[in-house]
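Spelled out from the first residue to the last, the chains are:
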Amino acid sequence: MDSFGIEKLNFYTPNQYIDLVDLAHARGVDPNKYLIGIGQEKMAVAPLDQDIVAMGANAAEPLMDEDLRTSLGLLVVGTESGIDQSKAAALFIHQLLGLPESMRVMEIKEACYGGTAGLMVALDFVRSHPESKALVITSDIARYGLQTPGEVTQGAGAVAMIVGNKPGVLAIEPNTVVASRSTYDFWRPNYSNVAFAQGKYSEEVYLSMFTEVWDRAENMSLTQSDNLAALLFHIPFSKMGRKGLRTLESKVDATSYARIVERFENSIIYGQQVGNIYTGSLYLGLLSLLENDTSLVEGDRFGLFSYGSGSEAELFFGTIQPDFRAHLDAKKHSSMLKNRRRLSVAEYEHEFEKELVQDGTEQILKRSDFNAPHRLIGLNKHQRSYC
Ligand code: HMG
């Protein structure tokens, strides 16, 4: 049978962060609350010129070559930090990457599930057009507001994935389990530039939907925990994934549980440095596991749990391919994370309060990242320009 899945993937995060110990001191909180209670260490802070379009293009650019450009039939951007109610962020990225006109380009939304929605649309597309490839980009800036309970769970970044019939990294199985339920656990009305959350309730819905899809997958004999090398979670903050993991202790045998727990530690390394990147968090976890776990081998089978508030969940499965490490770049990603600038709390707060003009006057932005090929140059007459 033909296999379809992720051929290559890459991520980008802005080159500045706030250290959560600094933030804890400024907020009068015991640093262990953030480091252990939430399970995060650093949080990426997006400058104005790295919006979701620029970050998405920066994540995708290193994956591009001429053959790929001509074989792309679909570009989907999953985001919940949209920059326009009508025009898709994907069209700006399509232009920045120099992609052909003869392809479908769209933006998709369902909170953090939007990345998985994009991946599933892309898989359906390449299964019915095996001669074509799809580019899926997840790009988000998580904002809850200064001095809110959600503040410590912000972040920014993008993950790009090439999807096709030569899945050099992860072949994805067609059988998945989904669940949809309307809830008000986390949302962002059109008039607000920060999200609202009923934090504890959102954790309950996440866990209840995880249990629902896991149990249904079990009934369909999809989980087979003895052959699950790892289980990846949507990680808004690492403690959330850990809570999901704990619900499995009574459901799988002790050896499988120990293996899954061990692999979980490698899946959260990047996310603990970046924070929540909403649509991309699950895929940042996938990249973190693949690039940091030296014990993984071809044929290892993963479960992937995607969750988006509001709420939508999907549990799907994939198998690592021969030579998957040839399609990754662990060195580049760890140096990208190491070489970021540490902001003081005052600088972070100043960055957080900055805004793009909303009255159509001209605004030119300072370039923040000289290693990133793409950025937002500025706005004029309500139009954005990028390079
Ligand atoms: P909070 O008010 O800080 O909660 O909100 P807390 O006071 O209960 O503290 C959090 C944890 O720290 C607790 O542990 C404390 O015991 C512990 P837990 O009971 O959770 O295991 N703690 C300490 N640990 C060690 N040393 C200490 C210490 N002090 C306290 N000294 C909350 C936390 C996550 C609710 C908040 O940050 C929030 O609202 N975040 C945003 C919502 C969110 O991320 N929800 C996750 C599920 S929904 C989801 O994943 C979707 C999402 O990604 C959006 C989308 O789909 O688009 C968010």
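The rules behind these values
Residues numbered from 1 in each chain as written. Predicted model: local features only at pLDDT ≥ 70, side-chain atom pairs only at ≥ 80, totals over all residues. Pairing = 2+ DSSP bridges. Helix = DSSP H or I, 4+ residues; strand = E, 2+ residues; numbered from the N terminus. Axes fitted to C-alpha atoms, helices over the stretch in contact; angles between N-to-C directions. Parallel < 35°, antiparallel > 145°, perpendicular 65-115°, else oblique. Left-handed = near helix turned anticlockwise from the far one by under 90°. Contact = placed C-beta atoms within 7 Å. Nonpolar A, V, L, I, M, F, W, Y, C, P; charged D, E, K, R; others polar. UniProt positions renumbered as here; feature names shortened; annotations may be inferred. Buried ≥ 20, exposed ≤ 12 C-beta atoms within 10 Å, placed from the backbone. Domains from an automatic or database assignment. Near = placed C-beta within 6 Å.

*Asks:* Where do I start with the sheet that holds strand β16 (residues 363–364) in this structure?
*Replies:* Strand pairing in a sheet is mediated by backbone hydrogen bonds. Such pairs are either parallel or antiparallel. Taken in spatial order, the 3 strands line up as β16-β17-β18 in an open sheet, and their pairing is antiparallel. The strands lining the two open edges of the sheet, one partner per strand, are β16 and β18 (383–386). Strand direction decides the pairing type here: strand β17 (residues 376–380) and β18, joined by 4 bridges, are antiparallel. Pairing of G378 across the sheet is with S385, part of β18.

*Asks:* Got a minute to help me understand the packing of helix α3 (residues 52–60) against helix α5 (residues 89–96) in this structure?
*Replies:* A pair of packed helices can be characterised by two numbers: the angle between their axes and the separation between those axes. In the contact formed by α3 and α5, the axes pass within 9 Å of each other and the chain directions differ by 45°. Between α3 and α5, the angle falls in the class oblique. Relative to α5, the crossing made by α3 is right-handed. Taken together, the residues of α5 that come into contact with α3 (itself represented by I52, V53, G56, A57 and A60) are A89, F92, I93 and L96. Here the contact of α3 with α5 is composed, by residue class, of 8 nonpolar, 1 polar and no charged.

*Asks:* What am I meant to see in the UniProt feature "binding site: (3S)-3-hydroxy-3-methylglutaryl-CoA" (unreviewed entry) in the protein chain here?
*Replies:* Mapped onto this structure's residue numbering, the UniProt feature "binding site: (3S)-3-hydroxy-3-methylglutaryl-CoA" (unreviewed entry) falls at D30, Y144, K243 and N276. For Y144, the location among the structural elements is in the loop between β6 (133–142) and β7 (155–164). Look past the residues within four positions of Y144 in its chain and what remains in contact with it is G150, E151, T153, Q154, V194, A195 and A197. Among the secondary structure elements, K243 is positioned in helix α8 (residues 238–246). K243 gets classed as partly exposed once you count the C-beta atoms within 10 Å, which come to 15.

*Asks:* I keep staring at the domain arrangement of the protein chain and nothing clicks. Help me out?
*Replies:* How big an interface is tends to be stated in terms of the accessible area lost upon association of its parts. Once the domains are mapped, the protein chain shows domain 1 (5–167 + 328–386) and domain 2 (171–325). The C-alpha-based centres of domain 1 and domain 2 are spaced at 20 Å. At the level of secondary structure, the elements contributing two or more residues to the side of domain 1 that touches domain 2 comprise β1 (5–12), α2 (31–38), β3 (42–44), α6 (114–128), β6, β7 and α12 (330–338). For the side of domain 1 that touches domain 2, the leading source of residues is β7, giving 6 residues. Looking at the side of domain 1 that touches domain 2 residue by residue, the classes come out as 20 nonpolar, 19 polar and 6 charged.

*Asks:* Is there a simple way to think about unusual backbone geometry in this case?
*Replies:* Across residues other than glycine, the phi torsion is negative in most instances, and most of the peptide bonds are trans. Residue G310 is joined to S311 through a cis peptide bond whose omega torsion reads 5°. Position of S311 relative to the elements: it lies in the loop between β13 (301–308) and β14 (312–320). The phi angle at K381 is positive, at roughly 50°, despite the residue not being glycine. Locating K381 in the fold gives a position in the loop between β17 and β18.

*Asks:* Would you mind showing me how to read the site of the ligand here?
*Replies:* Around the ligand sit 31 residues in total, of which K33, G37, A111, C112 and G199 are the nearest. Put simply, the parts of the chain that give the shell around the ligand at least two residues each are α2, α7 (199–219), α8 and β13. Of the residues in the shell around the ligand, the class split is 14 nonpolar, 10 polar and 7 charged. Both domains that furnish three or more residues to the shell around the ligand are identified here as domain 1 (5–167 + 328–386) and domain 2 (171–325).

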